Structures are given as C-alpha cells and as structure tokens.
Amino acid sequence: MLIYAIVSVWRAYRKVSRRATQLSSYALDEATELERLTVRLNEHGFALEHTASELFPKLETLSAFLGQPLVAATIPWLLRRAVRRPYRRR
C-alpha cells in the first residue's frame, strides 16, 4: 500500500511539474508578444496621441449634436432621402 501511494504521488508530481513547465512556457510566449506590442505602440504612440487630441473634440461636438432628440429622429429620414428610397406606403 505504501509503494502504491509513493508511485501515485510521484506520478502526480511529474504531471504537475510538466503542466507547470507548459504554463511557464505559455506565459513567456505571451510576455514576449506583449513586449512586441508595447514596442510597436511606443513607436506609433506620438502619432496616435496627436490624432486623438485633434479628433476627440470633434467627436464630442458631433455626439452632442446627434444626441438631441429631433436630430436623432430625423437621421433615418435623411438616410432614406440620401439613397432615394422613400418610406413604404401601406
């Protein structure tokens, strides 16, 4: 019985050790990928920041305009007129 328990514990230890190695390898791969993405973002970060500083105020103005109920209600009508498809008459 003692030998069976020792063998079971040894097998479980090897299985856990193998999975820990796989997990460590996976974590290293993910960390390498994150590092690569970070370097890429840092390369283009200034351009993105500059674009965002110009674009966000315009988006805020547009969202404030589109948030008004009358404007939101007329957008479907404007889209239908733009593609020249009037509402269906029933």
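Residues numbered from 1 in each chain as written. Predicted model: local features only at pLDDT ≥ 70, side-chain atom pairs only at ≥ 80, totals over all residues. Heavy atoms only, no water.

**Q** Whenever I open this one, the overall build of the chain confuses me. Can you help?
**A** Tallying secondary structure elements over the chain gives 2 helices and 0 strands in all. For 90 residues, the compact-globule estimate of 2.2 N^0.38 gives 12 Å, and the C-alpha radius of gyration of the chain, at 30 Å, exceeds that figure by more than 25%. With the principal axes as the frame, the chain shows a C-alpha extent of 85 × 50 × 25 Å. Across the 90 residues in the chain, those meeting the buried criterion constitute 2%. For the chain, the exposed surface amounts to about 9,100 Å²; the carbon and sulfur share of it is 64%. For the chain, the distance from the average position of its 15 positive side-chain charges to the average position of its 8 negative side-chain charges is 22 Å. (Helix = DSSP H or I, 4+ residues; strand = E, 2+ residues; numbered from the N terminus. Rg over C-alpha atoms; globule rule 2.2 N^0.38 Å. Buried < 20%, exposed > 50% of the residue type's maximum accessible area, 1.4 Å probe, protein only. Areas by Shrake-Rupley, 256 points an atom, 1.4 Å probe, with all protein chains shown as cover. Lys, Arg positive; Asp, Glu negative; His and termini not counted. Charge placed at Lys NZ, Arg CZ, Asp CG, Glu CD.)

**Q** Looking at this structure, how should I read the pattern of salt bridges?
**A** Side-chain pairs of opposite charge can arise whenever the charged atoms involved come near each other. Per the counting criterion, the structure on display carries 1 salt bridge. Across the pair Glu33 and Arg36 runs a salt bridge whose closest N-O atoms are separated by 2.5 Å. Here Glu33 pairs with Arg36, and both are found in helix H1 (residues 2-66), just 3 residues apart, close to one helical turn. (Salt bridge = Lys/Arg side-chain N within 4 Å of Asp/Glu carboxyl O.)

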